[in-house]
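# Coordinate analysis (summary)
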Amino acid sequence: MTDTMLRDKVAVVGGGEKNLGGLVSRTFAEAGAKVVVHYHRSESDAEQTVKGIQEAGGQAVSVQGDLTKVGDVRRLFETAVDTYGGVDIAVNTTGMVLRKPILETTEEEYDRMFGINAKAAYFFIQEAGRRLNDHGKIISLGTSLLAAFTDGYSTYAGGKAPLEHFTRAAAKEFADRGISVNMVAPGPMDTPFFYGQETPERVEFHKSQAMGNQLTHIEDINPIIRFLATEGGWFTGQTMFPNGGYTTR
Ligand SMILES: NC(=O)c1ccc[n+]([C@@H]2O[C@H](COP(=O)([O-])OP(=O)(O)OC[C@H]3O[C@@H](n4cnc5c(N)ncnc54)[C@H](OP(=O)(O)O)[C@@H]3O)[C@@H](O)[C@H]2O)c1
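Presented here is a report on the structure given in the accompanying data block. (Residues numbered from 1 in each chain as written. Predicted model: local features only at pLDDT ≥ 70, side-chain atom pairs only at ≥ 80, totals over all residues. Heavy atoms only, no water.)

### Examining the overall build of the protein chain
Along the protein chain, the regular secondary structure elements total 10 helices and seven strands. Taken over C-alpha atoms, the radius of gyration comes to 17 Å for the protein chain, in line with the 18 Å a tight globule of 249 residues would show. Summarising its shape, the C-alpha atoms of the protein chain cover approximately 50 × 35 × 35 Å along the three principal directions. In the protein chain, which comprises 249 residues, the share counted as buried stands at 52%. Each charge sign in the protein chain was given a centre, from 25 positive and 31 negative side chains, and these centres are 3 Å apart. (Helix = DSSP H or I, 4+ residues; strand = E, 2+ residues; numbered from the N terminus. Rg over C-alpha atoms; globule rule 2.2 N^0.38 Å. Buried < 20%, exposed > 50% of the residue type's maximum accessible area, 1.4 Å probe, protein only. Lys, Arg positive; Asp, Glu negative; His and termini not counted. Charge placed at Lys NZ, Arg CZ, Asp CG, Glu CD.)

Spelled out as structure tokens, the structure:
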């Protein structure tokens, strides 16, 4: 049933070249969706993801873009419409993490963190709202730190926090076209994104906070994104915390 629901749909995946976004791109394509794989700096990952999809008989194109630039966000969706005739699903997996005390955080770091985690996320939702066909789906990636009380992640958790409100407002504003808008906020995920900011001791602590003493895996999150993009359309305006019990609220 799910496959039928993705077949011939057009999906834009922000950060769709690697890690979680790469898996989402491949999963959608395997189910018959046409995928626009956005990438920022990782051209070779994007090429590999698109090539893998095409070799398996699927359809995909890649588009480079710095999504902190609104013009690049618009060009991404424009490419989807020009290439495949419309867009049905928009998943934004882009983000940037920084673990640093408030007293040491520079203005430049603050601007960079809010640029990608908040501004880019906002204009991605805006452009999706303009471009999506009726009954489309918009899914953004947050973080389970939004349900935590911790130090060090002020510009990361703080930068992702506005997305909850962008999601709620967009869910109301796009509801008349049947477009659902949600945020998926995973626990610490076993990708290079996570490890750069953490010590081995802290990694063990993060593991100890979830079921089975483990981190979240991209394979835990992918089915939830797929569900929201298909049968899960009755969810809208929500933030979900798939994290094995790491945090809740
Ligand atoms: N890994 C975790 O522990 C974890 C936990 C909870 C939530 N998340 C969230 O899950 C999402 C996916 O994370 P991931 O672990 O799969 O890591 P990832 O692959 O590194 O995802 C981040 C993506 O954002 C892109 N990006 C960064 N700056 C950009 C910019 N200015 N313009 C356009 N794209 C930009 C990156 O591209 P470049 O690398 O080329 O810059 C990359 O494709 C992120 O939103 C993250 O915040 C991650």
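### Considering the environment of histidine 206
Within the element layout of this structure, histidine 206 appears in helix H9 (residues 200–208). Taking the C-alpha atoms as reference, histidine 206 lies 7.7 Å from tyrosine 246; in sequence the two are 40 residues apart.

### Description of the side chain of threonine 49
Turning to its location among the elements, threonine 49 is positioned in helix H3 (residues 43–55). In contact with threonine 49, other than residues within four places in its own chain, are Gly16, Glu17, Gly22, Ser25, Arg26 and Val37. (Contact = heavy atoms within 4.5 Å.)

### Details of the site of the ligand
What surrounds the ligand is a group of 28 residues, the closest being Lys18, His40, Tyr156, Met189 and Thr191. Contact between the ligand and lysine 160: an oxygen atom at 2.8 Å from a side-chain N or O atom of the residue. Within the contact set of the ligand, an oxygen atom lies 2.6 Å away from a side-chain nitrogen or oxygen of threonine 191. Protein contacts shield 94% of the accessible area of the ligand, which totals 870 Å² for the unbound molecule. Taking a 2 Å distance to the grid points as the criterion, the majority of the atoms of the ligand fall inside the largest pocket. Secondary structure elements with two or more residues in the shell around the ligand: helix H2 (19–30), helix H6 (154–160) and helix H8 (192–195). Counted by class, the shell around the ligand contains 10 nonpolar, 13 polar and five charged residues. (Near = heavy atom within 4 Å. Polar contact = N/O pair within 3.5 Å; in protein donor to acceptor, adjacent residues only side chain to side chain. Areas by Shrake-Rupley, 256 points an atom, 1.4 Å probe, with all protein chains shown as cover. 1 Å grid on protein atoms, 1.4 Å probe; cavity = no way out; pocket = protein on both sides within 12 Å on 5 of 7 lines; lining within 4 Å. Sits in = over half its atoms within 2 Å of the grid points. Nonpolar A, V, L, I, M, F, W, Y, C, P; charged D, E, K, R; others polar.)

### Examining the packing of aromatic side chains
By convention here, two paired aromatic rings are described through the distance between centres and the angle between planes. A full pass over the atoms with the stated rule returns eight aromatic pairs. On the numbers, 5.1 Å between centres and 70° between planes, the contact of phenylalanine 77 with phenylalanine 124 is edge-to-face. Highlighted residues: phenylalanine 77 in helix H4 (residues 70–84) and phenylalanine 124 in helix H5 (residues 107–131), separated in sequence by 47 residues. The same class applies to phenylalanine 77 and to phenylalanine 124, which are both buried. Relative to phenylalanine 114, the ring of tyrosine 110 has its centre 4.3 Å away and its plane inclined at 15°; by these criteria the two rings are stacked. Linking tyrosine 110 with phenylalanine 114, this pair stays in helix H5, spanning four residues, or about one helical turn. Here the aromatic cluster, defined as three or more aromatic residues joined through ring pairs, consists of Tyr122, Phe123 and Phe166. One Lys or Arg, arginine 99, reaches over the ring of tyrosine 153 and ends 5.4 Å from the middle of that ring. Here the basic side chain of arginine 177 rests over the ring of phenylalanine 174, its NZ or CZ set 5.8 Å away from the ring centre. (Phe/Tyr/Trp six-rings, centres within 6.5 Å; stacked < 30°, edge-to-face > 60°. Lys NZ or Arg CZ within 6 Å of the ring centre and 35° of its normal.)

### Examining the pairing of strand E2 (residues 34–39)
The element E2 is extensively covered by neighbouring structure, given that six of its six residues are classed as buried. Residues of E2 alternate between two faces, with Lys34, Val36 and His38 on one and Val35, Val37 and Tyr39 on the opposite face, all of them buried. Running through H2, the crossover from strand E1 (residues 10–14) to the neighbouring parallel element E2 is right-handed. Relative to strand E3 (residues 59–64), E2 is paired through six bridges, and the arrangement is parallel. Residue pairing across strands places lysine 34 opposite glutamine 59, the latter belonging to E3. As for the winding sense of the linkage, the β-α-β connection from E2 through H3 to E3 is right-handed. (Right-handed = clockwise from strand over helix to strand, strands pointing away. Pairing = 2+ DSSP bridges.)

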